[in-house]
Amino acid sequence: MFFKKKNPLPKLELYCLGKQIYNGYLKDIPLKEAVILEKSMEFFSDPEPCHIHRGAVRVRLTAEIQLEFENKKDPECPGPLLKRYANFDEIDRCILKD
């Protein structure tokens, strides 16, 4: 009654050649270090981000990935942001669950 109900955290499954390579929360997806550093420079002009800036970059990147999922026509086809940001060599199928 007094507390707002929190939205459940989205879970993500990633596959490559039919093999599951990731199963966990979207917020915990491994991101490429080069992308974190690039976006830290873009967002904060910080070439050596502290854990606070790293966390903020992670939140923004995972929000972009989630938005990409919401706007895709084929929900199981990985979008360009997911492929660019996620620290996996190849992703050929993805499933985002609420």
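Coordinates for the structure precede this section.
An account of the accompanying structure is given in this report. From a predicted model like this one, the values you see are computed outputs, not experimental measurements.

### What to know about the sheet that holds strand β1 (residues 11–16)
Judged by pairing direction, the sheet is antiparallel, and its three strands sit side by side in the order β2-β1-β3 without closing on themselves. Among the strands making up the open sheet, the edge pair consists of β2 (19–25) and β3 (93–97). Taken pair by pair, the neighbouring strands of this sheet meet at an average axis angle of 10°, ignoring direction. Direction of pairing for β1 relative to β3: antiparallel, over a ladder of five bridges. Directly across from E13, in β3, lies its bridge partner I95.

### Let's talk about the packing of helix α1 (residues 33–44) against helix α2 (residues 51–70)
Here α1 crosses α2 at 100°, and the two axes come no closer than 9 Å. The orientation of α1 relative to α2 falls into the category roughly perpendicular. Judged by residue contacts, E33, V35, I36, L37, K39, S40, F43 and F44 of α1 engage H53, R54, A56, V57, R60, L61 and E64 from α2. Partitioning the contact of α1 with α2 into residue classes produces eight nonpolar, two polar and five charged.

Parameters at a glance
Residue positions are given per chain, counting from 1 as you read along its sequence in written order. Restriction of local features to residues with pLDDT of at least 70 applies here, the model being predicted, together with a cutoff of 80 or more for giving and counting side-chain atom pairs; totals for whole chains, interfaces and linings are based on all residues. With hydrogens and water stripped out, all remaining heavy atoms of the structure feed into the side-chain values. In this description, strands pair whenever DSSP reports at least two bridges between them. Secondary structure counts use DSSP, requiring at least four H or I residues in a row for a helix and at least two E residues in a row for a strand, with both numbered from the N terminus. Interaxial angle, 0 to 180 degrees, is taken between N-to-C directions of lines fitted to C-alpha atoms, where a helix line uses only the stretch in contact. Just so you know how the angles are binned, under 35 degrees is roughly parallel, over 145 roughly antiparallel, 65 to 115 roughly perpendicular, and the rest oblique. Only heavy atoms matter for contacts: two residues are in contact if any of them lie within 4.5 Å across the pair. Gly falls in the polar group here, along with every residue not listed as nonpolar (Ala, Val, Leu, Ile, Met, Phe, Trp, Tyr, Cys, Pro) or charged (Asp, Glu, Lys, Arg).

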